[in-house]
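Structural features, examined
So the chains spell out like this:
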Amino acid sequence: FGIVLKKQNIRDALIDLLLSEGIETRPFFYPLHMQPLLNDKFEYDNKLPITEYLGLNGLYLPLGQHIKPPVQKKIVSKLVSGVEDLSR
């Protein structure tokens, strides 16, 4: 399940914090226009601020039928407390 954080530049720390609690996540995609191979080949110099924001501040939470309500509550609780702690 994908989420985008309103607070910038805390995603990686939040991912580490959640992992320390046994919650595996992963970052959103890396914007194609920022990848060196494509940038070198196509000399793309335009900025795409929304794409860049999503790529830098988005993450995926665990999702699936195997994640039962007690685990869902743990994930949400740790996510909220982590965002609050990192936003201070």
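Residues numbered from 1 in each chain as written. Predicted model: local features only at pLDDT ≥ 70, side-chain atom pairs only at ≥ 80, totals over all residues. Heavy atoms only, no water.

Remarks on the nonpolar core
What tends to happen in soluble globular proteins is that the nonpolar side chains get buried as a cluster. In this structure, I3, L5, I10, L14, I15, L18, I23, L59, L61, I67, I75 and L79 together form the largest nonpolar core, which totals 12 residues. Broken down by secondary-structure element, the contributors of at least two residues to this core are helix 1 (11–20) and helix 4 (69–86). Of the residues forming this core, the biggest block, three residues, is contributed by helix 1. The residues touching I67, leaving out its near neighbours within four places in the chain, are P62, Q72 and I75. (Core = buried A, V, L, I, M, F, W, Y, C linked by side-chain atoms within 4.5 Å. Buried < 20%, exposed > 50% of the residue type's maximum accessible area, 1.4 Å probe, protein only. Helix = DSSP H or I, 4+ residues; strand = E, 2+ residues; numbered from the N terminus. Contact = heavy atoms within 4.5 Å.)

As for the side chain of N57
Among the secondary structure elements, N57 is positioned in helix 3 (residues 49–57). Polar side-chain contacts of N57 include one of 3.1 Å to the backbone nitrogen of N9. Setting aside its immediate chain neighbours within four residues, N57 contacts I3, V4, L5, K7, Q8, N9 and R11. (Polar contact = N/O pair within 3.5 Å; in protein donor to acceptor, adjacent residues only side chain to side chain.)

Observations regarding unusual backbone geometry
Both trends apply: most residues other than glycine have a negative phi, and most peptide bonds are in trans. Within the chain, N9 stands out as a residue other than glycine whose phi angle is a positive 65 degrees. By the element assignment, N9 lies in the loop between strand 1 (2–4) and helix 1. For N9, a relative accessible area of 70% puts it in the exposed group.

Some words on the pattern of salt bridges
Tallying each qualifying case throughout the model produces three salt bridges. For D12, the salt bridge goes to R11, with nearest N and O atoms at 3.0 Å. The partly exposed category is assigned to D12, whose relative accessible area is 47%. With a closest N to O distance of 3.5 Å, E21 and K78 form a salt bridge. One end of the pair, E21, is in the loop between helix 1 and strand 2 (26–27); the other, K78, is in helix 4, and 57 residues separate them in sequence. The class for E21 is partly exposed, based on a relative accessible area of 34%. A residue is classified by how much of its surface remains accessible, and K78, at 28% relative accessible area, is partly exposed. (Salt bridge = Lys/Arg side-chain N within 4 Å of Asp/Glu carboxyl O.)

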